[in-house]
Amino acid sequence: MFRFFLLSFLGITSIAFAADRIAPPAHEARAYAAVDIQADEKVAIAAEPCDVVQRCPFFREHYQEWDFFPIRIIITNDSDHTLTLDEVRMHFISSNNDRIPAATEMEVYRRITAYRRNPRAIESNLALDFEQFGFRSTLVAPHSTVSGYLIYDLQRIKQPFSTGQMYVKQVMVFDKKGNRELYAFEIPLAKYVPPVSSAQKP
């Protein structure tokens, strides 16, 4: 029932309500402080956490209030070959080596609705956020950048962004050697530098 409502609601309202909810455009992954670069493969992956609500005001729900944190993953492919993310795994790794996969819509829904009413409004907000801000493609064309937000349950993790890292594995490349897996990417989040707000710019 959850998925049926999610899909039917998206079909009716996603166009009408997406215009006023726009994430900032992604730069090339190398432009971010929290990044892992495989120079030989010409591939870089960066991470940009939404550690506070104000950092990503375009989301329809304040996930941080429920200990869910959106993290933007940016993948830049500067090679001449296509990458595929069909089998990719993007885990948050804590200082205690806890390996946390991205949360599902249902996991987020259950926690928020345990404390708040209006489950249908929450359900539709989650559907739109996951659809609009998640990864829209599993392919990364040559000389291109793709990005998407994943939401992680960090309820029991202390100081997650000063001690944790993103671990991205099973990125596949199609080249003359065939279909092969790149080495895993390890992105220390302590290197993340929050963007300067407009009020702070000279």
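For the structure, check the block above.
If you're wondering where the values come from, they're calculated on a predicted model, not measured in any experiment.

### Things to note about the overall build of the chain
- Per the secondary structure count, the chain includes four helices and 12 strands.
- Counting every position in the chain, which comprises 202 residues, the buried fraction comes to 45%.
- A separation threshold of at least 6 residues defines the contact pool for the chain, and within that pool the share at least 24 residues apart is 72%.
- Summed over all atoms, the accessible surface of the chain reaches about 11,400 Å², with 52% contributed by carbon and sulfur.

### Things to note about the nonpolar core
- In this structure, I73, I75, F92, Y152, M166 and V171 are the most contacted members of the largest nonpolar core, which totals 30 residues.
- Of all the secondary structure elements, the ones that give two or more residues to this core are strand 2 (43–49), strand 3 (68–77), strand 5 (89–93), strand 8 (144–153), strand 9 (165–169) and strand 12 (185–188).
- Here this core takes four residues from strand 3, the largest share from any one element.
- When neighbours within four sequence positions are excluded, V171 is seen to be in contact with I45, L83, T84, L85, V88, R180, E181, L182 and F185.

What counts, and at which threshold
Residues numbered from 1 in each chain as written. Predicted model: local features only at pLDDT ≥ 70, side-chain atom pairs only at ≥ 80, totals over all residues. Heavy atoms only, no water. Helix = DSSP H or I, 4+ residues; strand = E, 2+ residues; numbered from the N terminus. Buried < 20%, exposed > 50% of the residue type's maximum accessible area, 1.4 Å probe, protein only. Contact = heavy atoms within 4.5 Å. Areas by Shrake-Rupley, 256 points an atom, 1.4 Å probe, with all protein chains shown as cover. Core = buried A, V, L, I, M, F, W, Y, C linked by side-chain atoms within 4.5 Å.

Shape is all these values report; function is a separate question.
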